[in-house]
Amino acid sequence: MNAFFEHHKDNIRFAYRCFDRILLHATIQPFQQEQRAVGFFWSYRQIYPMSRQVLRDIATQYHNWAKNRSQKWGVPIQEDPPGRRDDFVDRYFRRAQPDQVVAIIKAREPATIMTAIGKDDRWHLEMKRRWVEQYNFYVQDSRWGQMFVRVCPYFPFSARVCLNQHYWLALRMQERGIRFQQCANAFLQCSDPQTLQKLADSLTANDLITCGQKWLTRFTPFFTSEERKQAGVQHRLFFAQVETCDNLIFCRRAAVDALEQRLLDANRTIGQPNKLTVIFGRRITRRHGDKLQTVIEDLNLPNPVIRSHYRKGFLKQYVRDRFLLRTESATNNIYTDYGIGKAVENLAPLRNKLDGIIDRYLDVQQDILETFVDREQLRQLTQPTLLPNGRRIPGLKVDHPRQLALMHSLVRFCYLAAEGTFTTRELYPQTLEALHMPAEQYKLASLRYDLWKLRAKGLIEKIPHSRRYRLLPHGYQICLVFLKLYEKVYAPLTAGILQPFPADQSIPKEKITALDSRYAAVIQALDDLVDAVGLKAA
């Protein structure tokens, strides 16, 4: 269990962690090669050559099948509605029966389809990315609950399957007679939290495959059972987007509200990248996917969302449903972000990777909220380090601008998704920004020297056989202590003593902020101490 949970567990009613949204990409792998598609149609359908008209006829057949199924099921095909589709189809699920198709939405979306190029009897096939009309089947699955399957009517019938483990868990708890309160994709109450977590951990890749193949077979009737068995033309599933969420349900609304405000404040000051972008009223688009930054967003929710980006993945943290603090780790490309294969068979290592990211994120949050340093350790950090070869490395100084700027860059949340690793070139622009210096005054060699001092104190380590470094857990804590002491204690108190604003004296006490009142109380206490020991100004 992470340090964040251990510190706040007295205020937490129960906690659980599970997958949230699981978006699977489905392809028929043999047909990703044009030659194999030609061979299939010649061997099983006696069709040759594969002309443009043949492909058009296949698409027409699927459109006709969708219309017929729609009439038989009594579910009209609807055009793409404005707003979120999930909100639009929610009413159709209220009285849904198991394994019932409740809604069909036809929308124009991008897909990879097979095209025929040529004329007369001379044709060849190519895979192209096109915007085409696709069918979104919303289903109440008997095992998974609410889900949808998007099928492209054009050969080779690429598809998407969207699942949510919260609905899967709700059905498993109903089978076991566990009482719970569910609010969309969250559980606010549960009579047996331990069993809930065991059920969440019991999800396997076979559960995903069984559900996916069940509906993909029904929604792609073009192939016969014999063809699926002999030619291997069934879909294979790959992860397109995965979200796992850590949910802490607090006992009191006041506790989670106070904690949220502290986390937002910490992210605005210490735990941010070089440019903390505060965005309200605007969603983050895909253009932000490759950026290393932390942003605070308003996603049309009652509370703002802290989101940290790394490559195609991101972390986000927010309060929902009044009592629940949720931390989510998500990725749009598990191979690029984590080096894990996209096949659904890799569910177990993916779960471990996402769980580790959340634990590190919450550990860092707790480091920001509560940091304690041993007195001897602080003294040792300020002393020079003598290497075995006799070389002397200066110690760390609490108020050194270059050192503070480097620490400011190191504690950025964006590195957590990369397991806390970085290079000097990645840190250099952020350190320059924090120092407000041009590159001519603070060169890359100077950064390497400053980084060397932290390495000598054991705060960071160099990864063998690479140019990357890793900030160690206790190194993160020490960096936060130095930043807190300077930014939160020394600097504001010094400013209040040496350059107080005269106009502040005329502000009524009830209008002074709580933070300013506390700073003023510290300064008054210092004045009283100076007076008590006889150090009054002459």
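Got a minute to help me understand the packing of aromatic side chains in this structure?
The geometry of an aromatic ring pair is captured by the separation of the ring centres together with the interplanar angle, meaning the angle of the planes. With the rule as written, the count across this model stands at 33 aromatic pairs. Where Trp42 meets Tyr48, the ring centres are 6.3 Å apart and the plane angle is 75°; that geometry is what we call edge-to-face. In this structure Tyr48 comes out as exposed when scored by relative accessible area, which is 58%. Between the aromatic rings of Tyr428 and Tyr442, the centroid separation amounts to 6.5 Å while the plane-to-plane angle is 25°, which identifies the pairing as stacked. Residue Tyr428 is located in helix α14 (residues 424-435), and its partner Tyr442 is located in the loop between α14 and α15 (444-456); the two are separated by 14 residues in the primary sequence. Assigned by exposure class, Tyr428 and Tyr442 land together as buried.

Would you mind going over α14 with me for this structure?
For an α-helix the count is 3.6 residues per turn, leaving residues at separations of three or four pointing the same way. Taking 1.5 Å as the rise per residue, α14 with 12 residues should run 16 Å; its terminal C-alpha atoms sit 16 Å apart, in good agreement. Turning to α14, its buried residues are Thr424, Leu427, Tyr428, Gln430, Thr431, Leu432 and Leu435. In this structure, the buried side of α14 is in contact with α13 (401-410), β17 (421-422), α15 and β19 (469-471). One or two positions beyond α14, positive phi appears at His436, with a value near 60°.

Please clarify how the packing of α13 against α14 should be interpreted in this entry.
When two helices pack together, their arrangement is captured by the angle between the axes and the distance separating the axes. The contact between α13 and α14 brings their axes to 8 Å, and the two run at 130°. Classified by the angle their axes make, α13 and α14 are oblique. Once α13 is placed against α14, the crossing between them reads as right-handed. Two secondary-structure elements touch here, α13 through Pro401, Arg402, Ala405, Leu406, Ser409 and Leu410 and α14 through Leu427, Gln430, Thr431, Ala434 and Leu435. Looking at the contact of α13 with α14 residue by residue, the classes come out as 7 nonpolar, 3 polar and 1 charged.

Is there a simple way to explain the environment of Gln140 in this structure?
Looking at where Gln140 falls in the secondary structure, it is placed in strand β4 (residues 122-141). For Gln140, a relative accessible area of 16% translates into the label buried. Each C-alpha atom, one on Gln140 and one on Val101, is 6.5 Å from the other, the two residues being 39 residues apart in sequence. When residues no more than four places from it in sequence are discounted, the contact partners of Gln140 are Phe93, Ala96, Gln97, Pro98, Asp99, Gln100, Gly145 and Gln146.

Hey, could you run me through the environment of Gln78 in this one?
Looking at where Gln78 falls in the secondary structure, it is placed in strand β2 (residues 77-79). Separated by 29 residues in sequence, Gln78 and Ala107 have C-alpha atoms that sit 8.7 Å apart. When sequence neighbours within four positions are dropped, the list of residues in contact with Gln78 reads Phe88, Tyr92, Ile104, Ile105 and Lys106.

Help me understand the pattern of salt bridges, please; the structure alone is not making it clear to me.
Pairing is possible between side chains that carry opposite charge, provided their charged atoms lie close to one another. Under the counting rule described, the total for this entry stands at 25 salt bridges. Glu133 is the salt-bridge partner of Lys106, the closest N and O atoms lying 3.8 Å from each other. Here Lys106 is found in strand β3 (residues 100-119), whereas its partner Glu133 is found in strand β4, with 27 residues between them in sequence. Here Arg402 ties to Asp450 by a salt bridge, and the two come within 3.0 Å at their closest N and O atoms. Separated by 48 residues along the polypeptide, Arg402 in helix α13 and Asp450 in helix α15 bring together distant segments of the chain. With relative accessibility at 25%, the residue Arg402 sits in the partly exposed group. Several salt bridges share partner residues, and in doing so they unite Arg17, Asp246, Asp355 and Asp359 into one network.

Rules used in this analysis
- Residue positions are given per chain, counting from 1 as you read along its sequence in written order.
- Local features in a predicted model are, by the rule used here, given only for residues with pLDDT of at least 70; side-chain atom pairs are given and counted only at 80 or more, and totals for whole chains, interfaces and linings are based on all residues.
- The basis for every side-chain value is the complete set of heavy atoms in the structure, and neither hydrogens nor water enter the calculation.
- Two rings belonging to Phe, Tyr or Trp (six-membered ring only in the last case) form a pair when the distance between their centres is within 6.5 Å. Interplanar angles under 30 degrees mark stacking, angles over 60 mark edge-to-face geometry, and anything in between is tilted.
- Remark: exposure states derive from per-residue accessible area (1.4 Å probe, protein chains only) relative to the maximum for the residue type, with buried under 20%, exposed over 50%, and partly exposed in between.
- Numbered from the N terminus, helices here are DSSP runs of H or I no shorter than four residues, and strands are runs of E no shorter than two.
- Each helix should span, by expectation, one fewer than its residue count multiplied by 1.5 Å.
- Note on contacts: a residue pair is in contact if any heavy atoms of the two residues lie within 4.5 Å.
- Lines fitted to C-alpha atoms define the axes here, with helix axes fitted over just the stretch in contact, and angles between the N-to-C directions of these axes take values from 0 to 180 degrees.
- Orientation categories follow fixed angle ranges, with anything under 35 degrees roughly parallel, anything over 145 roughly antiparallel, 65 to 115 roughly perpendicular, and all other angles oblique.
- In this scheme the handedness of a crossing depends on how the near helix is turned from the far one: anticlockwise by less than a right angle means left-handed, clockwise means right-handed.
- Residues were grouped as follows: Ala, Val, Leu, Ile, Met, Phe, Trp, Tyr, Cys and Pro as nonpolar; Asp, Glu, Lys and Arg as charged; and all remaining residues, including Gly, as polar.
- Whenever Lys or Arg places a side-chain nitrogen within 4 Å of a carboxyl oxygen from Asp or Glu, that contact is recorded as a salt bridge.

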